[in-house]
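Residues per chain, in single letters:
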Amino acid sequence: EENHTLATVTLQNYFRLYEKLAGMTGTASTEAGEFAHTYGLEVVSIPTNREPKRADEADFIYKTEDAKFAAAADDIAERNALGQPVLVGTISVEKSEKLSRLLDKRGIRHAVLNAKQHEREAHVVTQAGRVGAVTVATNMAGRGVDILLGGNPEGLVEHEAVARGITEAENPDEYAKLVADIKAACIAEGAMVREAGGLYVLGTERHESRRIDDQLRGRAGRQGDPGESRFYLSLEDDLMRLFASGAMSWVMGRTFPDDVPLEAKMVSKAIERAQRTVEDRNFEIRKDVLKYDEVLNEQRKIIYRRRQQILDGGDLRDETAKAITDAVDSIIDLLCTGNYAEDWDVDELVLAMQALYASSINADHVKELHDVRAARAAFAEDALGVYTSKEDSIGTEQLREIERRVMLSVIDQHWRDHLYEMDYLREGINLRAMGQQDPLAEWQREGYDMFEAMMGSIRDTFVQYVFRLEVVSEENVAAPERALTYSAADEPVQGASALAAAAVGFDDGTGAMGPAPEQEMPTQEPVRVERAPGRNEPCWCGSGKKFKTCHGV
């Protein structure tokens, strides 16, 4: 089944629909320029509650990825032997599993968080600050979680209570004692962890954005606790290979063993420059998307404002009359190229007007008109007269409701088609650059032309629907024929002729064929629904099912 786009909006324009915008994050300072450009928001840094004691160590850079992971595993083993908890950040599930295999070979107990154990990952992250805990995670782990040194007593109490089969409601005394014991144990364990240096965060690779690196470092040293962080890099990392080629060339010219880390300010600065390059490139991509969406955003505002006016019950009488006049004018502008009737395509003009509405003006009448202005006035008066007659026959209130429903349907259909056409235009607009044209300017120009054409199509389609609608009362619906008996000769007759023969030919038992007797047949009253039920409302048939799974399929 083909998919259709009913609505589209970028995240930036969606957020800007809110009257007030605000946010809070610990890593917004690196993106302050984008916040100011896109949302007009100023980034304000709030000092930490307590003085941070985290030590952010210099990066270790190795020649190969295998040497990097081996050194990282050795560092983890050393920290684990001292009882210091370690949180390892990796950039992918594949890298986390690779490091996990190295730790298994060294006999180091650890937990791997990579969405394959999502049911227990929340519990594992909260307990990552216990003595000797080693947690290997992707960059999504631990977001918004305070890793308490010594463990999280609430999580431990819940886990232990389930293991013992007790609850706070049924065993209040035993539960209270459990809470007190675990809190005391966590406090004592937290003191041991602080003595060992606090939580140690080890990054196995720099991310494209400095924000993600800062978020990983921020897992350690929270609320004035001690902590430490370090990144292990290699020249085979994607960031180094793609964006720090100059630093790589400098390093490759030096001869040193694979298992010896390199500490050079030049390489560290090259890494930071590479990250800024990626951030700037991503910002330009987002800014480019936003520039292109500004065209659709303005169109979206017009369409949605129009739909909202209709949904609020707006009277379309004047707008319908204007749409009729505009539709008539557009036909005259197309077919009446000169100022006088001698220059017009009279026959085509009459046919076009009859296609729009039941016009009473014929070719002879058109030829008697003096100029274009007279033609506009004559056809507009005639069309509005037909519209007024229809309003009198249907009823004012009923016609207003029909107009609202028709206009909504027409707008939705044309807007859906317009979005499809704009998507098609967007796919190839960048090729205009090969013709020395600005793709953005061409997008804006053609997008405006297509929107104007769509609004004209909405007007013409709406006018045609209004002029063609007919209200049929139930009394005018033909009653179905009943009490028919099928009779066939040796050569049976099929179709409508057989139905007619059966209606007049009936054997009354004496062998004579006579008219069919009238029989009282039970009639089934039609089910009348005041309005169509919603998709999730009970179906009108009384089956007990939702409308969308019953008669709404």
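Residues numbered from 1 in each chain as written. Predicted model: local features only at pLDDT ≥ 70, side-chain atom pairs only at ≥ 80, totals over all residues. Heavy atoms only, no water.

Engineer: Any chance you could break down helix 8 (residues 210-217) for me, citing the residues and the numbers?
Structural biologist: The complete set of buried residues in helix 8 reads Asp-213, Gln-215, Leu-216 and Arg-217. Those residues of helix 8 that are buried are in contact with strand 1 (53-56), strand 3 (86-90), strand 6 (199-203), strand 7 (226-234) and helix 11 (265-311). Residue Ser-209 occupies the N-cap position of helix 8, its side-chain oxygen lying 3.2 Å from the main-chain nitrogen of Arg-211. (Buried < 20%, exposed > 50% of the residue type's maximum accessible area, 1.4 Å probe, protein only. Helix = DSSP H or I, 4+ residues; strand = E, 2+ residues; numbered from the N terminus. Contact = heavy atoms within 4.5 Å. Polar contact = N/O pair within 3.5 Å; in protein donor to acceptor, adjacent residues only side chain to side chain.)

Engineer: Which residues make up unusual backbone geometry, and what are the values?
Structural biologist: With a phi angle near 55 degrees, Gln-223 is a residue other than glycine that sits in the positive phi range. Inspection of the secondary structure assignment puts Gln-223 in the loop between helix 8 and strand 7. Its identity as a non-glycine residue notwithstanding, Gln-436 has a phi of 60 degrees, on the positive side. Among the structural elements, Gln-436 can be located in the loop between helix 16 (396-428) and helix 17 (439-468). Look at Gln-436 and you get exposed, because its relative accessible area is 73%.

Engineer: Talk me through the side chain of Gln-215; I want residue IDs and the actual numbers.
Structural biologist: Among the secondary structure elements, Gln-215 is positioned in helix 8. At 3.4 Å, the side chain of Gln-215 and the side chain of Thr-27 are in polar contact.

Engineer: Give a detailed account of the packing of aromatic side chains, specifying residues and quantitative values.
Structural biologist: All told, the structure shown has seven aromatic pairs when counted by the stated rule. Residues Tyr-14 and Phe-15 carry aromatic rings whose centres are separated by 6.0 Å and whose planes lie at 55 degrees to one another, so their mutual orientation is tilted. Geometrically, the ring pair formed by Phe-35 and Tyr-39 is tilted, given 6.5 Å between the ring centres and 40 degrees between the ring planes. Of this pair, Phe-35 and Tyr-39 both sit in helix 2 (residues 32-39), four residues apart, roughly one helical turn. For Phe-35, a relative accessible area of 28% corresponds to the partly exposed category. Note that Arg-206 overlies the ring of Phe-231, its terminal NZ or CZ placed 5.0 Å from the centroid. (Phe/Tyr/Trp six-rings, centres within 6.5 Å; stacked < 30°, edge-to-face > 60°. Lys NZ or Arg CZ within 6 Å of the ring centre and 35° of its normal.)

Engineer: Quick rundown of the pattern of salt bridges? Include the residues and the values.
Structural biologist: Inspection of the entire model under this criterion finds 40 salt bridges. Between Glu-65 and Lys-98 there is a salt bridge whose closest N-O contact spans 3.0 Å. Note that Glu-65 is positioned in helix 3 (residues 65-81) and Lys-98 in helix 4 (residues 93-105), a separation of 33 residues in sequence. A relative accessible area of 14% means that Glu-65 is categorised as buried. Given a relative accessible area of 23%, Lys-98 falls into the partly exposed group. In this structure, Arg-376 and Asp-329 form a salt bridge, with 3.5 Å as the shortest nitrogen-oxygen distance. In this pair, Arg-376 is assigned in helix 15 (residues 372-394) and Asp-329 in helix 12 (residues 317-335), connecting sequence segments 47 residues apart. A single network of salt bridges, built from pairs that share partners, joins Glu-65, Asp-66, Lys-68, Lys-95, Lys-98, Glu-205 and Asp-237. (Salt bridge = Lys/Arg side-chain N within 4 Å of Asp/Glu carboxyl O.)

Engineer: So what's going on with a nonpolar patch on the surface? Residues and values would help.
Structural biologist: Among the surface-exposed residues, Val-9, Leu-11, Tyr-14, Phe-15, Leu-17 and Tyr-18 lie close enough to one another that they form a single nonpolar patch of about 610 Å² accessible area. On the secondary structure map, Tyr-14 appears in helix 1 (residues 11-15). (Patch = residues over 30% accessible without salt bridge, like charges linked within 9 Å, V, L, I, M, F, W, Y side chains within 5 Å. Areas by Shrake-Rupley, 256 points an atom, 1.4 Å probe, with all protein chains shown as cover.)

Engineer: Give me the lowdown on the side chain of Lys-95, citing residues and values where you can.
Structural biologist: Examined against the element boundaries, Lys-95 turns out to sit in helix 4. Note on Lys-95: relative accessible area 14%, which makes it buried. Here the side chain of Lys-95 touches Glu-65 through a polar contact of 3.3 Å, side chain to side chain. In this structure Lys-95 touches Glu-65, Phe-69, Thr-90 and Glu-205, once residues within four positions along its chain are discounted.

Engineer: A description of the packing of helix 12 against helix 15 should follow, citing residues and the corresponding values.
Structural biologist: Closest axis-to-axis distance for the helix 12/helix 15 pair is 9 Å, and the angle between their directions is 140 degrees. Overall, the two elements helix 12 and helix 15 adopt an arrangement that is oblique. Considering the relative orientation of helix 12 and helix 15, their crossing is right-handed. Residues Arg-317, Thr-320, Ala-321, Ile-324, Thr-325, Val-328, Asp-329, Ile-332 and Asp-333 of helix 12 touch helix 15, and the partners they reach there are Val-372, Ala-375, Arg-376, Phe-379, Ala-380, Ala-383, Leu-384, Tyr-387, Thr-388 and Glu-391. Per-class residue counts for the contact of helix 12 with helix 15 are eleven nonpolar, three polar and five charged. (Axes fitted to C-alpha atoms, helices over the stretch in contact; angles between N-to-C directions. Parallel < 35°, antiparallel > 145°, perpendicular 65-115°, else oblique. Left-handed = near helix turned anticlockwise from the far one by under 90°. Nonpolar A, V, L, I, M, F, W, Y, C, P; charged D, E, K, R; others polar.)

Engineer: Before we move on, could you go through helix 6 (residues 153-164) and cite the residues and values that matter?
Structural biologist: Over its twelve residues, helix 6 runs 16 Å from end to end, which matches the ideal 16 Å to within 8%, given 1.5 Å per residue. Residues of helix 6 that are buried: Pro-153, Gly-155, Leu-156, Val-157 and Ala-161. For helix 6, the N-terminal capping position is held by Asn-152, with its side-chain oxygen 3.0 Å away from the main-chain nitrogen of Glu-154. Once helix 6 ends, the next one or two residues include Gly-165, with phi positive near 75 degrees. (Expected span 1.5 Å × (residues − 1).)

Engineer: Quick one: what's the story with the nonpolar core, residue by residue and with numbers?
Structural biologist: Ranked by size, the top nonpolar core spans 53 residues in total, and within it Ile-332, Leu-349, Met-353, Val-366, Phe-379 and Trp-443 carry the most contacts. Breaking this core down by element, the ones donating at least two residues are helix 11, helix 12, helix 13 (346-356), helix 15, helix 16 and helix 17. Considering every element that reaches this core, the biggest residue donor is helix 16, with ten residues. Of all hydrophobic cores here, the second largest spans 20 residues; its members include Ala-128, Met-240, Val-267 and Ala-274. (Core = buried A, V, L, I, M, F, W, Y, C linked by side-chain atoms within 4.5 Å.)

Engineer: Hey, could you go over the confidence of the model for the chain for me, with residue numbers and the actual values?
Structural biologist: Any segment with low pLDDT has predicted coordinates that should not be analysed in fine detail. Looking at the chain as a whole, the pLDDT averages 80, with 82% of positions reaching at least 70. Taken together, the stretch residues 486-517 has pLDDT below 50 and engages in 26 contacts with residues farther than four places along the chain or on a different chain. (pLDDT = per-residue confidence, 0-100.)

Engineer: Break down a positive patch on the surface for me, citing the residues and quoting the values.
Structural biologist: Judged by side-chain charge, Lys-265, Lys-269, Arg-273 and Arg-276 come together as a positively charged surface patch. Mapped onto the elements of the fold, Lys-265 is located in helix 11. Judged by relative accessible area, which is 69%, Lys-265 ranks as exposed. (Lys, Arg positive; Asp, Glu negative; His and termini not counted. Charge placed at Lys NZ, Arg CZ, Asp CG, Glu CD.)

Engineer: Talk me through the packing of helix 8 against helix 11; I want residue IDs and the actual numbers.
Structural biologist: Here helix 8 crosses helix 11 at 120 degrees, and the two axes come no closer than 9 Å. With respect to their mutual orientation, helix 8 and helix 11 come out oblique. The segment helix 8 lies against helix 11, with Arg-210, Arg-211 and Asp-213 engaging Gln-275, Arg-276 and Glu-279. Along the lines of polarity and charge, the residues of the contact of helix 8 with helix 11 split into no nonpolar, one polar and five charged.

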